[in-house]
Amino acid sequence: MVDRSLMYEESYFVLLMPGAAEEILTAAELQERMETILRDRQADLPRDLAKQPTVTAQAQYLINTACDIELQPGQTMQWFAIRLEK
């Protein structure tokens, strides 16, 4: 029997940043990158994100519930879960 929890595990992400080549990141690397970005934006967060108690929780919430965040007008960071084949 197939372990379905492994099938839906999000271990890798493609990250698209304005003006940069796409990057493949592990979940931990995306979390770290997201935390760095969010630390500088604490005064300008959407309500649902601002409700999260820590920057770490904010980053995890954003990764789990969205696929983009506007960095500044007209510039959006996007991420997508991917599965790497062996």
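Everything that follows concerns the structure shown earlier in this document.
So, here is what we can say about the structure in this document. (Residues numbered from 1 in each chain as written. Predicted model: local features only at pLDDT ≥ 70, side-chain atom pairs only at ≥ 80, totals over all residues. Heavy atoms only, no water.)

To continue, consider the overall build of the chain. Within the chain, the regular secondary structure consists of four helices and four strands. Seen in sequence order, the chain has helices and strands lined up from the N terminus as α-β-β-α-α-α-β-β. For the chain, the residues scored as buried account for 24% of the 86 residues in total. Accessible surface computed for the chain: about 6300 Å², of which carbon and sulfur atoms make up 51%. (Helix = DSSP H or I, 4+ residues; strand = E, 2+ residues; numbered from the N terminus. Buried < 20%, exposed > 50% of the residue type's maximum accessible area, 1.4 Å probe, protein only. Areas by Shrake-Rupley, 256 points an atom, 1.4 Å probe, with all protein chains shown as cover.)

For the rest of this paragraph, the subject is the pattern of salt bridges. For the structure on display, the rule yields three salt bridges. In this structure, the salt-bridge partner of Asp44 is Arg41, at a minimum N-O distance of 4.0 Å. You can call Asp44 exposed: its relative accessible area is 55%. (Salt bridge = Lys/Arg side-chain N within 4 Å of Asp/Glu carboxyl O.)

Let's shift gears to the nonpolar core. Membership of the largest hydrophobic core comes to 16 residues, with the highest contact counts inside it found for Leu30, Met34, Leu38, Leu62, Met77 and Trp79. Secondary structure elements with two or more residues in this core: β1 (12-16), α2 (27-39), α4 (55-65) and β4 (75-82). Excluding anything up to four places from it in sequence, Met77 contacts Leu15, Leu16, Met17, Leu30, Met34, Ile37, Cys67, Asp68, Ile69 and Leu71. (Core = buried A, V, L, I, M, F, W, Y, C linked by side-chain atoms within 4.5 Å. Contact = heavy atoms within 4.5 Å.)

The next thing to look at is the pairing of β1. With four bridges joining them, β1 and strand β2 (residues 23-26) adopt antiparallel strand pairing. Note on β2: the bridge partner recorded for Val14 is Ile24. The turn linking β1 back onto β2 is made up of six residues, and Gly19 within it adopts a positive phi angle of 75 degrees. For β1 and β4, the ladder comprises five bridges, and the chain directions are antiparallel. Opposite Phe13, over in β4, you have Ala81 as the bridge partner. (Pairing = 2+ DSSP bridges.)

Note that all results are geometric; they support no functional claim without further evidence.
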